[in-house]
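Commentary on secondary and tertiary structure
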Amino acid sequence: MTNHLNNQLHVGAGERRGALTVFPVWQPRTVGRPVTLAEVGSVMVEELAQPTVPKLQVSGLSEKTVLVLEGDLMLGGQQNRVAIGSTLIGRGQTVEIDVRCVEQERWSGDRHHETGRERASALVRSRTDQHEVWRRVAVERETRGASVDVTGLEPLPGQSGVLIAVGGVPVLLELFADEEMLAAA
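Residues numbered from 1 in each chain as written. Predicted model: local features only at pLDDT ≥ 70, side-chain atom pairs only at ≥ 80, totals over all residues. Heavy atoms only, no water.

1. What about the overall build of the protein chain?
Counting its regular elements, the protein chain contains three helices and 14 strands. For the protein chain, with 185 residues in total, the buried portion stands at 41%. Counting only contacts in the protein chain whose residues sit at least 6 apart along the sequence, the fraction spanning at least 24 positions is 61%. Roughly 10,400 Å² of accessible area belongs to the protein chain as shown, and the carbon and sulfur atoms make up 52% of that amount. (Helix = DSSP H or I, 4+ residues; strand = E, 2+ residues; numbered from the N terminus. Buried < 20%, exposed > 50% of the residue type's maximum accessible area, 1.4 Å probe, protein only. Contact = heavy atoms within 4.5 Å. Areas by Shrake-Rupley, 256 points an atom, 1.4 Å probe, with all protein chains shown as cover.)

What follows is the structure, encoded as structure tokens:
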């Protein structure tokens, strides 16, 4: 994180649930925010003409710029994928994005992917190699029963991000353009 952001962020009091603490984060509002994949009909996601595991083709269908967030899941196609990194896509623009497979073995299906329903956890969404992603997906499946109850944690007015700490150590900072994008994610 760059120094100029440090002066613009406000971190509120955290709410603790077991070893997990969630802190609300506020930042100055932006004007003309992009839409996200959670906002239905914003993009079309397809396999490339010559399908390959680490790339998908995304076409902007919205009147606004679309933000594909790191961790957005694209379900279907030859296999389910997760976006590696965030990408802005202009109206009518078609872009190849970097992805990783989140399901081993399957390489069949059609060209089209569904989007906007799910995001991968912070454990899975990183700029790592494919085998490491599969390893992390396996770890997540094994630990799925060890969850923390987060019911009642709702974004506060104007909140546009969260800081997550585990055992008192910050592990994840998620920032969005505004509270609507946070709620959608």
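2. Looking at the sheet that holds strand β10 (residues 87-89)
An order of β4-β7-β10 is seen for the three strands of this open sheet, with the pairing classed as mixed. The open sheet is flanked by β4 (35-36) and β10, the only strands paired with a single partner. Of the strand pairs in this sheet, strand β7 (residues 66-68) and β10 are connected by three bridges, and their pairing is antiparallel. Residue pairing for β10: Val66 is matched across the bridge by Ile89. (Pairing = 2+ DSSP bridges.)

3. Focus on the sheet that holds strand β11 (residues 94-101)
In spatial order, the strands read β5-β6-β11-β9-β8-β12; together these six strands close into a barrel with antiparallel pairing. Mean inter-strand twist for the sheet, computed between neighbouring axes without regard to direction, equals 45 degrees. In the sheet, strand β9 (residues 81-83) pairs with β11 via three bridges, with the strands oriented antiparallel. What sits directly across from Val82, in β11, is Arg100. (Axes fitted to C-alpha atoms, helices over the stretch in contact; angles between N-to-C directions.)

4. So, the pairing of β11
Across a regular strand the side chains alternate sides, sitting on one face of the sheet and then on the other. Taken together, the five bridges between strand β6 (residues 55-60) and β11 define a ladder with antiparallel strand orientation. Note that in β11 the partner of Val58 across the bridge is Val95.

5. Digging into the pattern of salt bridges
Scanning the model with the defined rule gives eight salt bridges in all. The closest approach of N and O atoms between Lys55 and Asp98, which form a salt bridge, is 2.6 Å. Placement of the pair is Lys55 in strand β6 and Asp98 in strand β11, with a sequence separation of 43 residues. For Glu63, the salt bridge identified is with Arg91, shortest N-O distance 3.3 Å. One end of the pair, Glu63, is in the loop between β6 and β7; the other, Arg91, is in the loop between β10 and β11, with 28 residues separating them in the sequence. Like Glu63, the residue Arg91 is exposed in the burial classification. The structure contains a network of salt bridges with shared partners spanning Glu132, Arg135 and Arg136. (Salt bridge = Lys/Arg side-chain N within 4 Å of Asp/Glu carboxyl O.)

6. Details of unusual backbone geometry
Notably, Glu105 is not glycine yet its phi reads approximately 90 degrees, a positive angle. Looking at Glu105, the relative accessible area reads 76%, which means it is exposed.

7. Points about the nonpolar core
Residues Val58, Val68, Met74 and Ile97 are the most contacted members of the largest nonpolar core, which totals 14 residues. Counting only elements with at least two residues in this core, the list comes to β5 (43-46), β6, β7 and β11. Looking at this core, the element that brings in the most residues is β11, giving three residues. Non-local contacts of Ile97, meaning those with residues more than four positions away in its chain, are made with Pro54, Lys55, Leu56, Val58, Val68, Met74 and Thr87. (Core = buried A, V, L, I, M, F, W, Y, C linked by side-chain atoms within 4.5 Å.)

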